[in-house]
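Each chain, letter by letter, is given below.
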Amino acid sequence: HLALSLNNLGLVLSESKQPKQAEAAFNEALALRKKLAVDFPGDPVHPAEQARVLGNLGGMWTDTERQSDAEKAFAEAVAIQKKLVAKYPRAPKFR
């Protein structure tokens, strides 16, 4: 639940116009999600949540005019989501 809380903190900080602190929270959440995805490769929740954090990070970067960083984050999120759709084609939550 720590990664989820860090992601939520990043959202609040982003909305509060504190992008540096938000980025730190998102990056910490992302690092935890990446580690969980490696440690538990059979659990699709972790890469799905990793994609969610990347989307939130990309959104914040869009709002702060860091378009190149935002594009990279969104592209990584889409790549993860496409892998999940391919691996779990019958799971509507990944589409």
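Nothing here was measured: the structure is a model prediction, and the numbers come from that model. (Residues numbered from 1 in each chain as written. Predicted model: local features only at pLDDT ≥ 70, side-chain atom pairs only at ≥ 80, totals over all residues. Heavy atoms only, no water.)

1. Structural notes on unusual backbone geometry
Across the chain, the bulk of peptide bonds are trans and the bulk of non-glycine residues have phi less than zero. Cut-off, in case you're wondering: Every helix listed is a DSSP run of H or I at least four residues long, and every strand listed is a run of E at least two residues long, numbered separately from the N terminus. Throughout, exposure labels follow a simple rule: accessible area from a 1.4 Å probe, protein chains only, divided by the maximum for the residue type, with under 20% read as buried, over 50% as exposed, and the rest as partly exposed.
A positive phi is found at K17, a non-glycine position, where the angle reads about 60 degrees. Following the sequence through the fold, K17 ends up in the loop between helix 1 (2–15) and helix 2 (19–39). In this structure, E65 takes a positive phi of about 60 degrees despite not being glycine. Tracing the sequence through the fold places E65 in the loop between helix 3 (45–63) and helix 4 (67–87). For E65, a relative accessible area of 68% puts it in the exposed group.

2. Comments concerning the environment of A3
Going by this rule: We call two residues in contact when some of their heavy atoms are within 4.5 Å.
Turning to its location among the elements, A3 is positioned in helix 1. Classification of A3 by relative accessible area gives buried; the value is 6%. Remark: the alpha-carbon pair of A3 and E28, spanning 25 residues in sequence, is separated by 7.5 Å. Other than its neighbours up to four places away in sequence, A3 contacts A29, L32 and R33.

3. Observations concerning the pattern of salt bridges
Where we set the bar: Whenever Lys or Arg places a side-chain nitrogen within 4 Å of a carboxyl oxygen from Asp or Glu, that contact is recorded as a salt bridge.
The final tally for this structure, using the stated rule, is five salt bridges. Measuring nitrogen to oxygen at the nearest pair gives 2.8 Å for the salt bridge that ties D39 to K35. In this pair, D39 and K35 both sit in helix 2, four residues apart, roughly one turn of the helix. With a closest N to O distance of 3.0 Å, R52 and E49 form a salt bridge. In this pair, R52 and E49 both sit in helix 3, three residues apart, roughly one turn of the helix. Look at R52 and you get partly exposed, because its relative accessible area is 47%. Judged by its relative accessible area of 15%, E49 is buried. Where salt bridges share partners, they join E23, R66 and D69 into one cluster.

4. Some details on helix 4
This is how the line gets drawn: Working rule for helices: expected span equals 1.5 Å times residues minus one. Regarding the arc, it is the one traced by the directions from the helix axis to the C-beta atoms.
With 21 residues, helix 4 ought to run about 30 Å at 1.5 Å a step, and its terminal C-alpha atoms sit 30 Å apart, in line with that. Residues of helix 4 that are buried: A70, A73, A77, I80 and L84. End-on view of helix 4: buried residues confined to an arc of 100 degrees, all on one side of the axis. Projecting away from the buried face of helix 4 at angles above 90 degrees are the exposed residues E71, K72, K82, K83 and A86. Elements in contact with the buried residues of helix 4: helix 3.

None of this, on its own, says anything about what the molecule does.
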